[in-house]
Structure formats: C-alpha cells, structure tokens
Amino acid sequence: MNFYQKIATLVSVIGPGIITANVNNDAGGIAIYSLAGAHLGYKILWSLIPICLMLIIVQEMVSRMGVISGKGLSDLIREKYGVRISFYIILLLVLVNLGNILANFSGIAASVQIFGMSKYIFLPILVFLVWLIVIRGTYKIVEKIFLIACLFYVSYIISGFLAKPSWSEVMKSLLIPKFEFKLPYTTMLLGMVGSTIAPWMQFYLQANIIEKGIKKKDVSYSKIEVILGCVMAIIIAFFIIVACASTLHKEGIKIETADQAALALEPLAGKYCSTLFAVGLLNASLFAASILPLSTAFCLCESIGWEVGLNKSFAEAPQFYSIYTLLIVLGAGIVMIPNFPLIKVMFFSQVINGFLLPIILFLIIFLINDKDIMGNYTNSKTYNIICHVSVVLLGLLGLLNILFAIFVHS
Amino acid sequence: MKDNRVFIFFSEISNCKVIGPKGVSIGKLHDLFLTSEEPLPRVSHIIIKKSYKFKTFYAVIPTQKIASIGPPIRVTPHEIKFSPNQPSSDFTVLKNLIDKQVVDVHERKIVRVNDLHLLKIDNELRVAHVDIGFRGIIRRLGLQKIIDKIIKSIAPKSKYLSQEKFISWKYIQPLLLNPALGTIRLTVPQEEISKIPPADLSDMLIELDIYDRLPFFKSLDIKTKADIFQELPIEIQKSISDSLLENELIEIIHEMEHDKAIDFLKQLPKATVKKLFSKMDPKTSYELSLLLMYEENSAGGLMTTEFLAIDENMLVKDCIQMIKQSSEETKVEEIYATDEKKQLKGVASLRKLLTAKPDAKLSSIALPPPAFVHPKSNFKEVAYLMHKYNLYMIPVVDENKTLVGIISIDDVLSKFVSESWRRSLKEKYF
C-alpha cells in the first residue's frame, strides 16, 4: 500500500479510540485535573506520562480484543467466566456509571449557571435535547457530532496559554518526578488515575470498535488511532492542570469543583480564559451525558438478554428504553434537588470505581492471552510483563483509593 | 428423598456433588457431553471435576453408570480415571450452550442461553428447552428464592413468575463450529431454516458475532445463501464476500436477482468485477454488464432483465406454459407482448392470462401499456407513474421502443425507504 492508501485506512478507522479517550475528560475528569492543578501546582505534571502510557496499554488491548474477537467485552467475560461474574460486574458498572452521570449533569448545570442562566430552566432543556439527538440520530451522524465535540476541547489548550504559565517550570515538573507521600498528593494522584482509566470506557471502546466493523488486517491502524486518542486526552488534561496551577495554585485559591475553577480563573487570567474553561466544561459534560446513560443501558440489557437498539421501537425493547430514560431522569432530577450532597455521591462512585478497575483489568489480561479468543494476536511475553506490572500497580492504587476515600471523606 | 420430577435445570445439577460407588463424594459435576439425537440431544457422558493441591482434575463417566440424578448424583462406574487435561468433545453444554449465543429459528432471533431445561427419563437426560429468560440468570446466580419472594410481595401477578422464557429445542440451532470446513453443523433441518423469510435471516446474521457469521452463512444451501445475501447491508456483503472463494461468490451472484446483484457489484472495484464476469456464465455476465452501465438513481439502475417478453402471436396456453417453466426470479405478474423487433406492443396481467380462452392469441388480450419509462428516467418519475396508474411493474423501453427491462414496485419502495427514513432500520447503536 502506498502512503496515501495508508492514510486513507487510518482515517477510515478513526472514531472509537478518539471519542472514547476524550469522553473520559468529562465533568468528573475535568474536576480532578482542575483540583490537582489548583491544590498541588505543577508538582503532579510528571505523573501524566506514566498515566498516558498505562492508558495506552489498556486501551490498545481492549481495541485489539474487539477487532480480533469481534465480540463485546461483556460478552467475552460472560462466555469465558460465566453469568455470575459478568452479572455482578455489570451491576457494579451501572452503579459507577450512575455516579458518573450525576457528575456530568451537575457539570452541565454548573457551567450553565456560570453563563448566568438558571439551571432549573436550562438543564431540562439541554437534557431533553441530548435525549432527542441520541434517540433520533443514526450512529454515523452522532459519531460525527461527537468527533466535532472533541475539537472543542481545544478551548482548554487556549486557556492554558492564556493563563501565562512559567513554561520552564512546567517542563521541569513534566519531566522530573516528584512523589510526595502526603495525603492530598496521593489522593489526587489516585483520583487522576481512576478517572483517566475508567472501567466503563473499556466496555464502550470495545463495543464501538465492533460497531465500526474494523477488519483484522487493519488492527495496526486501529492501534494508532487508539494511541492518538489517548495522547489527545492527556494533552487536554495537561493544559487543564497547567491553567489551574499557574493561576489558582500560585494565589493559593482552594476550589472544590470544576465550575469553581472556571469562575476563579477570571480575576487571575482574564475573562476569555474563564469563559473558555466554562465552555470546555459544558461541552465535555454534554458529551459525556449523551454517551454514558446510553452505554450503560446497552451494557445492562445486553448482558441480561433483553432487546437493545435504538432501531427498535419502545414496544420491542421496553427495558432498554426505560433504563435509558430512567438514568437520564434520575441524573437530571437528582442534580436539581437543592443541597443534594453531590460531592459525597461522586466520591462514593470513585470508591466503587477503584474496586472495579483492577478486577476488570485482570479479566482483560486473561482474555487477551486466551488463544481460543485471540488466535495469534495474544500478548507477547514482554508486553505481558509490562501489562502485569501496570495492572498490579493500578490495582494497588485502586485499593488505596478505596481506603483513602473512606477515611478521608467520611 | 427420591426425586420424582421429570424436568430438571442444568443450574440445579451444575457443580453439585457426585457420589461414587463407595458412597463418598468424588467431585463436582462440571459439564455434560451431548450427542445430537433426534428429536432431543441426549447426555452421553458427565464430566466431574475435583480440586487437589490447587490443580483441577477431570473424569469422564458415561451416563449408563449413573445410578440416580439427585442432586446429589450417584454413579457406579467400574473405574474412575482423573486427568489434569480437560476432556473435549464437539458438543458440550458448557462449550456450546450455556452463556453462548444460539439461533432461535422460531422467533427468528439470536438469543443467549441462560440455563438449560433437561428432561429426565429414568437416569437418562435430554435437552428439552433452552431458557433465555431473566429468571434463568437469577436461577444461575442462586438468587431464585429471594427474588421470587420479593416479586411475589410487590407484584404477585407479574409475568416474571408465571411465564418462563423457554424455547423448545427443536427451534434451536446451536453454533457448532466445524473448524475444518468453516461451517456450522446444522441440527435444525435445512427446510425449517428455508422457511424463515430471507430478510429475517439476514437480520439474524447481522446480530451474530463476526466470526460466527461466516460459518453459519456457509452452512446454508445456495438458494438460501443468495436470498440472504441480497438482503444484507453492503458492509456485511463485502465482509462475507471477502472470505468466500471466487467460485462460491460467483455461484451466489448467479442465484441472486439481477438488480440486487448489480447493487452489490457496483460497490466492488472495476477490476474485481471484470474478473468475476470473466468466470461467470456468459449470458448472465452479459445481462449484468448491460445493467451496470446505468446510474443508480435512474430507471436503468433499478430495472431487472428477469421478466417475460413473449411474441404477441403466441397462444395463451403456450404463454402459461412458459410461465410455469420460468425460473423463480422471473417476475411474471405482468406479461409483455412484443413484436419480431422486440418492441413493446402490449401488456397482460397474470389474471387475464389465467381467465382467457387458452386458444386466444396474446395480442388479443394484451392492452397497450398505460405507462413506460426510459433507462435514463429518474426514479422519482418512475414512482410517480407507478402511483398514478396503480402499477406493480412498469416496462423500460429505449429510444427504439425496444423493451429492455422492467421495474417492480419493491425496488422503487426500497429507494424511498432508504432516502426518506433518516434512521436506517438495520443500524445498531453502541
């Protein structure tokens, strides 16, 4: 194949990797990065590189599994490990996703308020729009909309520059690791890892890969696309941290949520920086709010054996539509309850996240080394060693995450 | 207590204790080997597993040696050999049925098996039903009693409690892969599968995992293959044709309706099409190559050459004979009367032919066609004319009034269904 044919193949597989990685920079993710930048400054930037590598490893395995086996992750888990394990995992996934959905709806509400609009009016409107697009759109159209939404993340890169960071310090912190065993540092680190490599993303990515119908012979192009997506997402995270570190951390401003970050930026870096930050938050929250309830409903119904699919009518797939609508209504409804302990709920979902992540990762590693499923595409020995080490580290971090979340935020 | 029940679930005996001839437990029930016997598969062997020093060992016991199926299961074999290797067979409950997808030919769907409903006669076990219901999952999880209690207290009349979602085995086609041939061993008779409308079969094929799809497709007979292939979306057509041998693909193209074959061939690179044509039956390749010249949205792109054009002087009884002898793809709802120059002179409906005097000439009952189009006419014009004159078929004539093809209503319909309905009916979402 000549050069142009190779580029054409790469373009044809674009979609799943990029969308998945970027959808993970949702309201929850942005909040974590903003908090990390604001509370710890540049110190934590070095961790982005190992996090990026681990993210690439996990996503690459999952996309390879999707292309080679042609089956979804929940199907593979069920066929290999039985209904018991897969059922309980999916149940946990639903709980975690509910927490994520709440985080994103509150992100929409909060960013809408920054622009001076009432959340009680605009949240229902936006949510209804999201519900409408998803129910009425086709996969190709929605994928295109999502890819365009990914471009909006550029607003964070611009914010980062507008915040006028000291680039020499940034580069130093990026390349020289500085680990602190103090509580806020490790919590933040764990939060970043947990929210960057989310379990639900793996199910979503594999399902997307299959939906795209990528052929076995194009598996290396799929790898490139996935890597590109991960790098894109980490770059966005980088700029969010830099923007908050160079402004909020320097002035010692403490924040608790992403929208507070956007507001706090204004006096320090100007109105444009603040607005772009808020726009980025709205975009990310809408984006994730469209995908998460849908993906959750799909996963749950498929694993039970209920009919799924937006191409089916309500009468043909009642449980699927009911669950999807319920998740959206619950999410938006709970967020609008005044004084709801949102942050506590989001931390609780982080706890379950930390519990679920190492389990899913162990399963992925066993599945990817299964010759029945993967044929000749199992992991090489060196890759396996790297994977096992990463997974053990992630597992430890996940467990620590639970402990900290319980003891620090109770 | 002696168990007199006739039916038993696999989830009830799976992992239950197996008691040997000496009255002690020798392991747990792991799997059942099946033989595909008519009408219900019979369990031929049971597989026992036991753990010893962190290793798992397996033993195979034929069903003749089963004394009672409890649970617990009592066996009386002469000798029991445990081996660390998992025994293999090409039809087992765990490998092919439990938690796997199978084809339900009755509801025409792909379903996933949650549990098996087994028939117990003396100590013989047969697979009677496949359980695809939510209740089956709950039973596998061991939560049946609790969930039943909860639902009974909330909604005692709920369907969950009264309607089991069972499918009788005779409607089930498991995906038993024959790796050498790359086909599925069909347990459901081919005639049963052929009764399913091709559009539904193609939907089922789409739902199957990519690597089950091709073997299942290959196990069908050529007529069914062609019928299904016509209905598949183009991406799946391409993915299947990529994996077929050239002569297999040519066979399918021959069997397909011409207009559907053209839709497929148009998506292939020209060099591939040339190669296929060179290996095809010359008459077919000539007809197809003519049709290929026309633009997709024109009358020429919609038309087929599989119709009956009969000389206007032929007798009605001979026309009916020709209809009887024509192939299944030929559209015979309207018969077109032509002259020696193959120009269109008249049209007679099937009903007219059947009710006319057998010795009458075709020209006497054929009426001038109420409408016709040219190969370059736009499909909207075609639709409009067919609507205005209430036609099922409309003839396509060239500048010399020679009859070159006909367009039938289903082809026009498919143009509108794909143009005006934004949501494609066969797209799955995430």
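Residues numbered from 1 in each chain as written. Chains lettered and ligands numbered in written order. Predicted model: local features only at pLDDT ≥ 70, side-chain atom pairs only at ≥ 80, totals over all residues. Heavy atoms only, no water.

### Things to note about helix α19 (residues 379-388) of chain B
Residue and element names in this part refer to chain B.
- When we look at burial in α19, the residues that qualify are Phe379, Val382, Ala383, Leu385 and Met386. For α19, the angular spread of buried residues about the axis comes to 165°, placing them on one side.
- At the N-terminal boundary of α19, the capping side chain belongs to Asn378, with an oxygen 2.8 Å from the backbone nitrogen of Lys380.
- Just past α19, the residue Asn390 takes up positive phi, approximately 55°. (Buried < 20%, exposed > 50% of the residue type's maximum accessible area, 1.4 Å probe, protein only. Helix = DSSP H or I, 4+ residues; strand = E, 2+ residues; numbered from the N terminus. Arc of directions from axis to C-beta. Polar contact = N/O pair within 3.5 Å; in protein donor to acceptor, adjacent residues only side chain to side chain.)

### Focus: the sheet that holds strand β16 (residues 307-311) of chain B
All names here are of chain B.
- Spatially, the three strands line up as an open sheet ordered β16-β17-β18, and their pairing is mixed. What marks the edges here is a single partner per strand, and that holds for β16 and β18 (344-349). Within this sheet the neighbouring strands show an average axis-to-axis angle of 30°, counted without direction.
- The sheet contact formed by β16 and strand β17 (residues 331-338) spans four bridges and is parallel. Paired with Asp311 across the two strands is Thr338, which belongs to β17.
- Across the face of the sheet, helix α16 (residues 316-325) comes into contact with β16 and β17 while running at roughly 155° to β16. (Pairing = 2+ DSSP bridges. Axes fitted to C-alpha atoms, helices over the stretch in contact; angles between N-to-C directions. Contact = heavy atoms within 4.5 Å.)

### As for the packing of helix α5 (residues 73-114) of chain A against helix α15 (residues 318-336) of chain A
Residues and elements named next belong to chain A.
- For the pair α5 and α15, interaxial distance at closest approach is 9 Å and the crossing angle is 55°. Taken as axis vectors, α5 and α15 run oblique relative to one another. As α5 runs across α15, the sense of the crossing is right-handed. Residues Leu98, Ile101, Leu102, Phe105, Ser106 and Ala109 of α5 touch α15, and the partners they reach there are Leu327, Ile328, Leu330, Gly331, Ala332, Ile334 and Val335.
- For the contact of α5 with α15, the residue count by class is 11 nonpolar, two polar and no charged. (Parallel < 35°, antiparallel > 145°, perpendicular 65-115°, else oblique. Left-handed = near helix turned anticlockwise from the far one by under 90°. Nonpolar A, V, L, I, M, F, W, Y, C, P; charged D, E, K, R; others polar.)

### So, the environment of Thr186(A)
- Checked against the element boundaries, Thr186(A) lands in helix α10 (residues 183-196).
- Sequence-wise, Thr186(A) and Ile359(A) are 173 residues apart; in three dimensions their C-alpha atoms are separated by 21 Å.

### Here's the deal with the packing of helix α6 (residues 119-136) of chain A against helix α14 (residues 271-304) of chain A
Residues and elements named next belong to chain A.
- With their axes 10 Å apart at the nearest point, α6 and α14 run at an angle of 50° to one another. Relative to α14, α6 is oriented oblique. Crossing angle aside, the handedness with which α6 passes α14 is right-handed. Mapping the contact onto sequence places Leu126, Val130 and Val134 in α6 and Leu282, Leu286, Ala289, Ser290 and Leu294 in α14.
- Of the residues assigned to the contact of α6 with α14, the class counts are seven nonpolar, one polar and no charged.

### Brief notes about the sheet that holds strand β13 (residues 172-174) of chain B
Residues and elements named next belong to chain B.
- If you walk across this open sheet you meet the three strands as β9-β8-β13, and the pairing is antiparallel. The two strands at the open ends of the sheet, each matched to only one other strand, are β9 (109-112) and β13. Adjacent strand axes in the sheet meet at a mean angle of 35°, parallel and antiparallel pairs treated alike.

### Remarks on the side chain of Lys100(B)
- Structurally, Lys100(B) can be placed in the loop between α2 (93-97) and β8 (101-104).
- A distance of 3.3 Å separates the side chain of Lys100(B) from the backbone oxygen of Glu79(A), its partner in a polar contact.
- Beyond its immediate stretch of four places on either side in the chain, Lys100(B) contacts Glu79(A), Leu94(B), Lys95(B), Val111(B), Arg112(B) and Val113(B).

### Structural notes on a nonpolar patch on the surface
All names here are of chain A.
- Together, Phe3, Tyr4, Ile7 and Val11 make up an exposed nonpolar region whose accessible area comes to about 470 Å².
- Counting through the fold element by element, Tyr4 comes out in helix α1 (residues 3-12).
- Its relative accessible area of 67% is what places Tyr4 among the exposed residues. (Patch = residues over 30% accessible without salt bridge, like charges linked within 9 Å, V, L, I, M, F, W, Y side chains within 5 Å. Areas by Shrake-Rupley, 256 points an atom, 1.4 Å probe, with all protein chains shown as cover. Salt bridge = Lys/Arg side-chain N within 4 Å of Asp/Glu carboxyl O.)

### What about the nonpolar core?
- Core analysis: the largest hydrophobic core is formed by 146 residues, its most contacted members being Phe277(A) and Phe320(A).
- The biggest single contributor to this core is α14(A), with 18 residues.
- Not counting chain neighbours up to four residues away, the residues in contact with Phe277(A) comprise Ile30(A), Ser34(A), Tyr156(A), Ser159(A), Ile240(A), Ala243(A), Cys244(A), Ala258(A), Ala261(A), Ala262(A) and Leu265(A).
- Judged by nonpolar contacts, the second largest core, of 54 residues, contains Ile196(B), Ile228(B), Leu291(B) and Ile394(B). (Core = buried A, V, L, I, M, F, W, Y, C linked by side-chain atoms within 4.5 Å.)

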